[in-house]
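# Overview (structure and organization)
Spelled out from the first residue to the last, the chains are:
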Amino acid sequence: MRFHIVNLPNTQTTKHYQPCAYTQKNRRFAEMMTNRGHEVFLYGGEENDAACTEFVTIVTKAEQAEWFGGNDLYKELNNLTWNPYDPHWLISNARAVTEIAKRKRDRDFIGVLGGGCHKPIADTFPELMTVEFGVGYSGVFADYRVFESYAWMHAVYGSHTTVPGVMNARGRFFDTVIPNYYEVEDFPFSAEKDDYFLFIGRIVEAKGIQVAIDTCKRLGAKLVVAGAGAVPAPEVAEYVGVVDHVRRGELMSRARGVFVPSLYLEPFGGVHAEAMLCGTPVITTDWGVFTETVQQGVQGFRCRDLREFCDAANAVDKLDYRAIREYAISKFSTDVVAPQYEEYFERLQTLWGEGWYTV
């Protein structure tokens, strides 16, 4: 199979850009499918460390500095806008179209993430199948979608129905659910934990930072916070800034537990999968993806009020760290997920024949 994967205009497809989940999915997908013998053409910024058939630059660093400011783009990833008529989208999409046109063949796949800002690419190549291959957002547009969890797939289906009434929402035969995927070697295991809890990611209200603060304050426990956003006061947490993938793994592997108490319906919440890959228990809310990925009292705890969050923090030390890691590897490693993608794209290839009626 052949894939054309288009990255966002504000990042590079390198491990360094850990704060951008979409960039990491693009990078890992290219490497994952290339390693399984497929052809992958990856389009993005000037830097790339992912294995692929060919890497094609469609955005320069100078342009990124002009569009998004002269700040450290690594630490200011939220400066990307989602208006498809802004210059960074118009220019990067136009260049992607030009470069894909030079390389495309019949029955190739185009892979994009982030929603409708990439729609002009799909519209240019109606003869190819455009797939949103890791949907963790609501603004879907493609005919073929891979959702990161069943919880999110159902939420999007419900929000997009045009017929009143819950029972009138319809499923789609050629969508699917495949979890996010990770390179296990990036997540070290430690059976020894240090005396702190961790919150890592965007430091915003919706991610539940106050839940982590309130819990640790009530217990008198140490909370370490990493990521971009509103820096917490030093009396409530130790802030360590935006960290690279090496430091990220170190912090996760040595924490007693990692808080991922998203207040919204989390489509996936990569932090909790990464923590489990390190063998570290997670403490989450009780909705969204967590209902599918966190077995109560096994990999961590799903909570509904402050008492439950405090009880969870007190109980994480009793969990089996090695079993948590093994579970996460069996669910989220690239070795496990790659065949799921192959099976899905093979199903899409039947649409060139009888589709649903293929036997």
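So, here's what we can say about the structure.

The rules behind the values
- Residues numbered from 1 in each chain as written.
- Predicted model: local features only at pLDDT ≥ 70, side-chain atom pairs only at ≥ 80, totals over all residues.
- Heavy atoms only, no water.
- Helix = DSSP H or I, 4+ residues; strand = E, 2+ residues; numbered from the N terminus.
- Buried < 20%, exposed > 50% of the residue type's maximum accessible area, 1.4 Å probe, protein only.
- Contact = heavy atoms within 4.5 Å.
- Areas by Shrake-Rupley, 256 points an atom, 1.4 Å probe, with all protein chains shown as cover.
- Lys, Arg positive; Asp, Glu negative; His and termini not counted.
- Charge placed at Lys NZ, Arg CZ, Asp CG, Glu CD.
- Arc of directions from axis to C-beta.
- Phe/Tyr/Trp six-rings, centres within 6.5 Å; stacked < 30°, edge-to-face > 60°.
- Axes fitted to C-alpha atoms, helices over the stretch in contact; angles between N-to-C directions.
- Parallel < 35°, antiparallel > 145°, perpendicular 65-115°, else oblique.
- Nonpolar A, V, L, I, M, F, W, Y, C, P; charged D, E, K, R; others polar.
- Pairing = 2+ DSSP bridges.
- Polar contact = N/O pair within 3.5 Å; in protein donor to acceptor, adjacent residues only side chain to side chain.
- 1 Å grid on protein atoms, 1.4 Å probe; cavity = no way out; pocket = protein on both sides within 12 Å on 5 of 7 lines; lining within 4 Å.
- Points joined across faces, edges and corners; volume = space filled by probe spheres on them.
- Right-handed = clockwise from strand over helix to strand, strands pointing away.

Take the overall build of the protein chain next. Helices and strands together make up the secondary structure of the protein chain, namely 12 helices and 13 strands. For the C-alpha atoms alone, the extent of the protein chain along its principal axes is close to 60 × 50 × 40 Å. Classification of the 359 residues of the protein chain by burial places 55% in the buried group. Considering only contacts within the protein chain whose residues lie at least 6 apart along the sequence, 62% involve residues at least 24 apart. Taken as a whole, the protein chain presents about 15,600 Å² of accessible surface, with 51% of it coming from carbon and sulfur. Across the protein chain, 36 positive and 47 negative side-chain charges occur, with their mean positions spaced 2 Å apart.

A few words now on helix α7 (residues 245–254). Since there are 3.6 residues in each turn of an α-helix, residues three or four apart along the chain are aligned in direction. Where α7 is concerned, the buried positions are Arg-248, Gly-249, Leu-251, Met-252 and Ser-253. On its buried face, α7 is in contact with β8 (197–200), β9 (223–226) and α8 (270–277).

Along helix α2 (residues 61–68), the positions that sit buried rather than exposed are Glu-63, Gln-64, Trp-67 and Phe-68. Taken down its axis, α2 places every buried residue within 105° of arc, on the same side. Opposite the buried face of α2, by more than 90 degrees, sit the exposed residues Ala-62 and Glu-66. Positive phi shows up at Gly-69, right after α2, with a value of about 95°.

Let us now look at the packing of aromatic side chains. A full pass over the atoms with the stated rule returns 20 aromatic pairs. Note on Phe-3 and Phe-109: the rings are 5.5 Å apart at their centroids and 20° apart in plane angle, and the pair reads as stacked. One end of the pair, Phe-3, is in strand β1 (residues 2–6); the other, Phe-109, is in strand β4 (residues 109–112), with 106 residues separating them in the sequence. Grouping residues by exposure puts Phe-3 and Phe-109 together as buried.

Between α2 and helix α3 (residues 87–103), the least distance of the axes is 10 Å, while the angle of their chain directions is 155°. Taken together, the axis directions place α2 and α3 in an arrangement best described as roughly antiparallel. Of the residues in α3, those touching α2 at Glu-63, Trp-67 and Phe-68 are Pro-87, His-88, Ile-91 and Arg-95. Classifying every residue of the contact of α2 with α3 by side-chain character gives four nonpolar, one polar and two charged.

This part covers unusual backbone geometry. Unlike most non-glycine residues, Arg-107 shows phi in positive territory, near 70°. Following the sequence through the fold, Arg-107 ends up in the loop between α3 and β4.

This part takes up the sheet that holds β9. The strand order across the open sheet built from six strands is β10-β9-β8-β11-β12-β13, with neighbouring strands paired in parallel fashion. The two strands at the open ends of the sheet, each matched to only one other strand, are β10 (238–239) and β13 (300–303). The pairing of β8 with β9 spans four bridges and is parallel. The residue of β9 that forms the bridge with Leu-198 is Val-224. Taken strand by strand, α8 contacts β8, β11 (257–260) and β12 (282–285), and its axis lies near 170° from that of β11.

Looking now at the sheet that holds strand β2 (residues 39–44). Read across the open sheet, the seven strands follow the order β3-β2-β1-β4-β5-β6-β7; overall the sheet is parallel. Each of the sheet's edge strands pairs with one partner strand only, and the pair in question is β3 (54–57) and β7 (176–177). With two bridges joining them, strand β6 (residues 144–147) and β7 adopt parallel strand pairing. Bridged to Phe-147 within β7 is Val-177. Taken strand by strand, α3 contacts β1, β2 and β3, and its axis lies near 170° from that of β1.

You can see Thr-285 is positioned in strand β12. Of the residues examined, Thr-285 reaches a relative accessible area of 3% and is grouped as buried. Here Ser-262 takes part through its backbone oxygen, which lies 2.7 Å from a polar atom of the side chain of Thr-285. Those residues in contact with Thr-285 that sit more than four places away from it in its chain are Val-260, Pro-261, Ser-262, Phe-290, Arg-302, Cys-303 and Phe-309.

Estimated volume of the largest pocket: approximately 1,200 Å³. Lining of the largest pocket is provided by 50 residues; of these, Pro-19, Cys-20, Ala-21, Arg-202 and Lys-207 occupy positions nearest its centre. When contributions to the lining of the largest pocket are tallied by element, the ones reaching two or more residues are α1 (21–35), β8, β11 and α8. In terms of residue count, the dominant contributor to the lining of the largest pocket is α1 (five residues). Taken together, the residues of the lining of the largest pocket sort by class into 24 nonpolar, 16 polar and 10 charged.

A word on the pairing of β9. Successive side chains on a regular strand alternate, one facing one side of the sheet and the next facing the other. Neither face of β9 is exposed, since Leu-223 and Val-225 on one face and Val-224 and Ala-226 on the opposite face are all buried. In this view, the connection linking β8 to its parallel neighbour β9 by way of helix α6 (residues 209–219) has right-handed handedness. Alignment of β9 against β10, held across two bridges, turns out to be parallel. Across the sheet, the residue bridging to Val-224 is Glu-238, located in β10.

Note that every value here comes from positions in space, so none of it alone points to a role or purpose.
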